[in-house]
Amino acid sequence: TTYMESAADERLFEQVYLDYATEYLKGPMYHNDLKVQGFLPEYPGDPMFKQGKMTSNVVGNLKTFSSNELAFFAVLFFAIGLYGTLMFWWFDPQFLRADLTGQINP
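Just so you know, these numbers come straight off a predicted model, no measurement behind them. (Residues numbered from 1 in each chain as written. Predicted model: local features only at pLDDT ≥ 70, side-chain atom pairs only at ≥ 80, totals over all residues. Heavy atoms only, no water.)

(A) Representation of the overall build of the protein in the model. Along the protein, the regular secondary structure elements total 3 helices and 2 strands. Mapped in sequence order, the helices and strands of the protein form the string α-β-β-α-α. Per-residue burial for the protein yields a buried fraction of 7% across its 106 residues. Sequence separation of 24 or more characterises 0% of the internal contacts of the protein that already satisfy a separation of 6 or more. Split by element, the accessible area of the protein, about 9700 Å² in all, is 65% carbon and sulfur. (Helix = DSSP H or I, 4+ residues; strand = E, 2+ residues; numbered from the N terminus. Buried < 20%, exposed > 50% of the residue type's maximum accessible area, 1.4 Å probe, protein only. Contact = heavy atoms within 4.5 Å. Areas by Shrake-Rupley, 256 points an atom, 1.4 Å probe, with all protein chains shown as cover.)

(B) Fine view of the packing of aromatic side chains. Following the criterion strictly, the structure yields 7 aromatic pairs and no others. Consider the rings of Phe-88 and Trp-89, whose centres lie 5.3 Å apart with planes at 75°: the pair is edge-to-face. With a relative accessible area of 30%, Phe-88 lands in the partly exposed category. Overall, Trp-89 belongs to the exposed group, its relative accessible area being 53%. Ring centres 5.2 Å apart and planes at 55° place the aromatic pair Trp-89 and Phe-95 in the tilted group. A connected cluster of aromatic rings, assembled from ring pairs, spans Phe-65, Phe-72, Phe-73 and Phe-77. (Phe/Tyr/Trp six-rings, centres within 6.5 Å; stacked < 30°, edge-to-face > 60°.)

(C) The arrangement of a nonpolar patch on the surface in detail. A surface patch of nonpolar side chains, amounting to about 820 Å² of accessible area, comprises Val-59, Leu-62, Phe-65, Leu-70, Phe-72, Phe-73, Leu-76, Phe-77 and Ile-80. If you trace the backbone, Phe-73 turns up in helix H2 (residues 67-91). (Patch = residues over 30% accessible without salt bridge, like charges linked within 9 Å, V, L, I, M, F, W, Y side chains within 5 Å. Salt bridge = Lys/Arg side-chain N within 4 Å of Asp/Glu carboxyl O.)

(D) Highlighting unusual backbone geometry. The residue Gln-51 is not glycine, and still its phi comes out positive at about 55°. Tracing the chain through its elements places Gln-51 in the loop between strand E1 (49-50) and strand E2 (53-54).

(E) Representation of the confidence of the model for the protein. Mean pLDDT for the protein: 81, with 80% of residues reaching 70 or above. Within the protein, the element-level pLDDT minimum falls on helix H3 (residues 94-101), averaging 79, and the maximum on H2, averaging 93. (pLDDT = per-residue confidence, 0-100.)

Pasting the structure below:
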């Protein structure tokens, strides 16, 4: 005997396929509010805490950076901040200019 698919079998397959596709799209590649857990959202399979201790997943995307790259960015952002501070307070004093002219950077 050969299998003949009935209309009920076809509807069941379509329903199961639709349910599976819907759950698949809620996976880690797509944002869905149902994935967020508590006040610290965790992605499935990447827990932030295990047995009360933090895991390496807490740093998020920074765990893919090498120490040389992190050191480079630390020095870069420090230099940008130092440049901004020196320009504001020393080389181009904004508060002194505001006191003299009444406006900053006329």
